[in-house]
Amino acid sequence: MTSPMVSSSNLLHRRAVIGELLRDRGDLLCVASLGAPNWDITAVGDHPNNFPLWGAMAASVMMGLGLAIAQPNRRVIVFAGDGEMLMSLGALATVGAQKPRNLSVVVLDNERYGETGMQKTHTAAGVDLTAVAKGCAIPTCLTVKTEAEIAGLRRAVYEGEGPVFATVKIDPEALPFVLPPSDGVILTTRFRQSVLGNEALYN
Ligand SMILES: Cc1ncc(C[n+]2csc(CCOP(=O)(O)OP(=O)(O)O)c2C)c(N)n1
Ligand SMILES: [Mg+2]
């Protein structure tokens, strides 16, 4: 059976997964790691509550953690590439120690460093990021490989008690760039104003 969410190699399409997780997002705050995750969150609909990290590799989970702690009444989702996550494994230990109830980390695992030429990452050699997250005392850890499992992940992100960690196995497809604003000042001001309201203008 074919589905627009699944490729001919039976792997999930990254933008279909993100589109489903960001659909009807309410006041969800979203941080994305550099490269393709940035283009993906923009492709499904740019939003002032998106904070794409452009060139700051390995920063996304710590940014999301800080945001979740600063905004405990809002849910925060981080989309991180597998290369990004491998470069910042220690961040998972801090998430496990802090246990923010409003944070979800979703790793888009194409087993490649997509942006720099599709070199294989260690997840292609069997490194299991979900097992790492479990070992870091993150209470809800999932690996998602099928379309049927996306609904459960969406529930965990919007209704579950975090922190939530998910590895989503995706097709290593190279998609057209859909760029968010590239000026860091614009991105930061837009995000702060959206989250904090006019207070952001005066502080
Ligand atoms: C500190 C640092 N090292 C290396 C790079 C180069 N770089 C940019 S994107 C990227 C690969 C990202 O791979 P992944 O996070 O898996 O995302 P994908 O494109 O595969 O979705 C690398 C190595 C960088 N920007 N910063
Ligand atoms: Mg990757």
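Quantities reported herein were computed from a predicted structural model and do not represent experimental measurements. (Residues numbered from 1 in each chain as written. Chains lettered and ligands numbered in written order. Predicted model: local features only at pLDDT ≥ 70, side-chain atom pairs only at ≥ 80, totals over all residues. Heavy atoms only, no water.)

Enquirer: Would you mind going over the site of ligand 1 with me for this structure?
Expert: As a structural note, the neighbourhood of ligand 1 is formed by 17 residues, with D82, G83, E84, R112 and G114 the closest of them. Between ligand 1 and N110, the relevant distance is 2.9 Å, taken from an oxygen atom to a side-chain nitrogen or oxygen of the residue. G114 places a main-chain nitrogen or oxygen 2.8 Å from an oxygen atom of ligand 1. Relative to its unbound accessible surface of 590 Å², ligand 1 loses 75% to contact with the protein. (Near = heavy atom within 4 Å. Polar contact = N/O pair within 3.5 Å; in protein donor to acceptor, adjacent residues only side chain to side chain. Areas by Shrake-Rupley, 256 points an atom, 1.4 Å probe, with all protein chains shown as cover.)

Enquirer: Please clarify how the environment of R155 should be interpreted in this entry.
Expert: Positionally, R155 belongs in helix α7 (residues 150–159). In this structure, the C-alpha to C-alpha distance between R155 and L21, residues 134 residues apart in sequence, is 9.3 Å. (Helix = DSSP H or I, 4+ residues; strand = E, 2+ residues; numbered from the N terminus.)

Enquirer: I keep staring at helix α3 (residues 60–70) and nothing clicks. Help me out?
Expert: The α-helix winds at 3.6 residues per turn, so residues separated by three or four positions along the chain end up facing the same way. For α3, the set of buried residues is S60, V61, G64, L65, L67 and A68. One side of α3 holds all its buried residues, which, seen down the axis, span an arc of 165 degrees. In the core, the buried residues of α3 are packed alongside β1 (29–32), β3 (76–81), α4 (82–87), α5 (89–98), β4 (103–109) and α8 (184–196). (Buried < 20%, exposed > 50% of the residue type's maximum accessible area, 1.4 Å probe, protein only. Arc of directions from axis to C-beta. Contact = heavy atoms within 4.5 Å.)

Enquirer: It is not clear to me how the coordination of the magnesium ion (ligand 2) should be interpreted in this structure. Could you clarify?
Expert: Octahedral six-donor coordination of a metal ideally yields angles of 90 or 180 degrees, compared with 109.5 degrees for tetrahedral four-donor coordination. Bound to the magnesium ion (ligand 2) on the protein side are D82 (OD), N110 (OD1) and R112 (O), at distances that span 2.1 Å. Expressed as a motif, the donor residue spacing for the magnesium ion (ligand 2) is D-x27-N-x1-R. (Donors = N, O, S within 2.8 Å, 3.2 Å for Na, K, Ca; no water.)

Read these as layout, nothing more, since geometry by itself doesn't imply function.
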